[in-house]
Amino acid sequence: MLNPRRIRNQSFSMAARGACAALVTLFFVFVLITNTSNKSISNDVVDQREQEEGQGESPGESSKNVVVDDGVSSLLERIKVLEDELSSLRTRMDDADDKDGNVGVDAVVAPLPTTKSFPSVRYRNEENRKRVLITGGAGFVGSHLVDKLMLDGHEVIALDNYFTGRKKNVEHWIGHPNFEMVHHDVVNPYFVEVDQIYHLASPASPPHYMYNPVKTIKTNTLGTINMLGLAKRVKATVLLASTSEVYGDPEVHPQPESYWGHVNTIGPRSCYDEGKRVAESLMIAYNKQENVKIRIARIFNTFGPRMHMNDGRVVSNFIIQALQDNPITIYGNGTQTRSFQYVTDLVDGLIKLMNSNYSAPVNIGNPEEHTIGQFATIIRDLVPGSKSEIINLESQQDDPQQRRPDIRRAAEQISWKPQILMKDGLLKTIEYFRAEIDRNKRGGKPVPEPVRHGGLESRR
Ligand SMILES: O=C(O)[C@H]1O[C@H](OP(=O)(O)OP(=O)(O)OC[C@H]2O[C@@H](n3ccc(=O)[nH]c3=O)[C@H](O)[C@@H]2O)[C@H](O)[C@@H](O)[C@@H]1O
């Protein structure tokens, strides 16, 4: 960054140096002319003598003496002016001393910006390096996918409209020659030459997707059409981040991909559930009709670092509550179940699916299932010394009562199964939120209250 004070003092210093140089030059000129004038004066004496001795006067000689005298005095005047100018510049430079008590030009030299360093990435030649587009690339899952693909040596373009994504999640790659962050909303078309498209853009937390249900539907329908249109044009493979929510409040347990689901088309969750169901239909239609290469991942509950503090989902809510000794809020009686996977397992599954030849939907989730009541106790026990009580609040409308993925297809088709135990993932996530809370407190910012379903102002 250019430092205005530094620039100002540099110009003072240049002016001062200029004035000094002028003074020195004038001094030498003065000495030279003075010598010449002395010579002239002594010549005059000789001339006068010669005149007295009867030799003729040279008419120019006496007038030359007058000119020399005038030149000397004007030079002296000029030197005086320059001395004054120099002294005024010195005063102005002293006035510009910085507030830390440092003095003059030396004090205001700010350090130049250092070159940013990046995590080291694998080298790939042109043939093996893919150009990859990730919609929702600055979001919780998207940013972990960016990390994995970048470290693996690919070129990544991340699109995000920053509704729930944050630049902070990918800032460690900004400026890297293989990475590009683009502010763009997928409801508008986007054109770029790529080999693969991971289409993740959409709010995924219930309070976020219920905040603007029309936009949620547009993102999942128009956004998916735009990405499929792009894939068709540039012959890219497109992967849709679908969801376990396509199964609704399931009547089959655990849920295999063959289960059609149980969704309330007019309930508060339908903007997301039906949005993703249409997105899956669009994928299949573009595949059948236009030959677009497609992959469909049905993602089950996922957690990890970079979840938003006000994400509102159960993992972030419970951890933030436990870390601050606030009541842990169970919606309903806590008998509803979920199965939680750590985000790096999900990212591995997405990449394996993308690089497979499999076009039908695949569940990606960890089958380790707990009731929400049990989960509250697990989290509190993992936060040493937490004094949080566990309380029950009103239940959420259409809240799925049981959820657990059948992951046999993932094992068979893409050789994937989760590697991280839920507890190990939770410990990492607790440390992440602990650091976030400390950072907020140090910055004097309030720690956001956990958001309830419908807790964000709905847009009417
Ligand atoms: O985490 C995810 O990956 C999934 O999260 C949500 O689905 P949901 O299972 O309803 O997620 P949460 O809001 O985390 O709720 C899980 C359960 O915890 C309960 N809950 C949540 C928050 C809270 O403070 N207390 C609480 O009891 C909810 O009522 C629900 O029964 C999204 O709708 C899915 O698309 C997404 O895949």
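Residues numbered from 1 in each chain as written. Predicted model: local features only at pLDDT ≥ 70, side-chain atom pairs only at ≥ 80, totals over all residues.

Asker: Can you explain the UniProt feature "domain: NAD(P)-binding" (unreviewed entry) in the protein chain? Please cite residues and give values.
Answerer: Using the residue numbers shown here, the UniProt feature "domain: NAD(P)-binding" (unreviewed entry) corresponds to residues 133-426. Measuring from the first to the last C-alpha atom of residues 133-426 gives 29 Å, for a span that is 36% helix and 18% strand. (UniProt positions renumbered as here; feature names shortened; annotations may be inferred. Helix = DSSP H or I, 4+ residues; strand = E, 2+ residues; numbered from the N terminus.)

Asker: Which residues make up the packing of helix α4 (residues 140-151) against helix α9 (residues 343-354), and what values do they have?
Answerer: Look at α4 against α9: their axes get within 10 Å of each other, and the N-to-C directions meet at 65°. The handedness of the crossing between α4 and α9 comes out as right-handed. Contact with α4, carried on its side by Val141, His144, Leu145 and Lys148, involves Val343, Thr344, Leu346, Val347, Leu350 and Ile351 of α9 and no other residues of that element. (Axes fitted to C-alpha atoms, helices over the stretch in contact; angles between N-to-C directions. Left-handed = near helix turned anticlockwise from the far one by under 90°. Contact = placed C-beta atoms within 7 Å.)

Asker: Just give me the short version of helix α12 (residues 422-442), but keep the residues and values in it.
Answerer: The terminal C-alpha atoms of α12 lie 30 Å apart, and with 21 residues this matches the ideal 30 Å at 1.5 Å per residue to within 8%. Met422, Gly425, Leu426, Thr429, Ile430, Phe433 and Glu436 are the residues of α12 that are buried. Looking straight down α12, one finds its buried side chains confined to an arc of 140°; they lie on one side. Residues of α12 that are exposed and point more than 90 degrees away from the buried face comprise Asp424, Glu431, Ala435, Asp438, Arg439 and Arg442. The secondary structure elements touched by the buried residues of α12 are β7 (302-303), α8 (314-323), β10 (341-342) and α10 (372-382). Gly444 lies just past α12 and shows a positive phi near 70°. (Expected span 1.5 Å × (residues − 1). Buried ≥ 20, exposed ≤ 12 C-beta atoms within 10 Å, placed from the backbone. Arc of directions from axis to C-beta.)

Asker: Which residues make up the site of the ligand, and what are the values?
Answerer: The ligand sits among 21 residues. The nearest are Asn301, Arg313, Val314, Asn317 and Tyr331. With 3 residues, strand β8 (residues 328-331) is the single largest residue contributor to the shell around the ligand. Partitioning the shell around the ligand into residue classes produces 9 nonpolar, 8 polar and 4 charged. (Near = placed C-beta within 6 Å. Nonpolar A, V, L, I, M, F, W, Y, C, P; charged D, E, K, R; others polar.)

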